[in-house]
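Structure at a glance
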Amino acid sequence: MQDNQNKVIDWIRSGMDYNEGIGLLVELTRKQLYSDQFTGREKSMADKLAYEIYKMF
């Protein structure tokens, strides 16, 4: 669990790159469907992506 928290914190500190966030969310949840849901939708889904990652924190 601590390792996942560190990954989230590192992602936030690095500037919250959208594409890296997608990979992080897939890694943390082990649900590949998130990749399809978020890929190519940065303008409309950036806040949703951040929210989903924060929930893992």
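Please read these numbers as outputs of a predicted model, since none were measured by experiment.

Tracing the backbone shows alanine 50 in helix α4 (residues 42–55). As for alanine 50 and aspartate 17, which are separated by 33 residues in sequence, their C-alpha atoms are 10.0 Å apart.

Looking now at the environment of glycine 15. For glycine 15, the location among the structural elements is in the loop between α1 (2–13) and α2 (18–29). Residues glycine 15 and phenylalanine 38, spaced 23 residues apart in sequence, show a C-alpha to C-alpha distance of 18 Å.

This part covers unusual backbone geometry. With a phi close to 55 degrees, methionine 16 is a non-glycine residue in the positive phi region. If you trace the backbone, methionine 16 turns up in the loop between α1 and α2. Taking the relative accessible area as the measure of exposure, methionine 16 reaches 31% and is therefore partly exposed. At arginine 30, a position not held by glycine, the phi torsion is positive, near 60 degrees. When you line up the elements, arginine 30 lands in the loop between α2 and α3 (33–38).

This next bit is on the pattern of salt bridges. Going through the model one piece at a time under the given rule, you end up with four salt bridges. A salt bridge links glutamate 27 to lysine 7; its shortest N-O distance comes to 2.2 Å. In this pair, glutamate 27 is assigned in helix α2 and lysine 7 in helix α1, connecting sequence segments 20 residues apart. Here glutamate 52 and lysine 55 are joined by a salt bridge, their closest N and O atoms 3.3 Å apart. Placement of both glutamate 52 and lysine 55 in helix α4 is noted, with a separation of three residues, approximately one turn of the helix. A relative accessible area of 7% places glutamate 52 in the buried class. One salt-bridge network, held together by shared partners, links Asp3, Lys7 and Glu27.

What counts, and where the lines are drawn
Residues numbered from 1 in each chain as written. Predicted model: local features only at pLDDT ≥ 70, side-chain atom pairs only at ≥ 80, totals over all residues. Heavy atoms only, no water. Helix = DSSP H or I, 4+ residues; strand = E, 2+ residues; numbered from the N terminus. Buried < 20%, exposed > 50% of the residue type's maximum accessible area, 1.4 Å probe, protein only. Salt bridge = Lys/Arg side-chain N within 4 Å of Asp/Glu carboxyl O.

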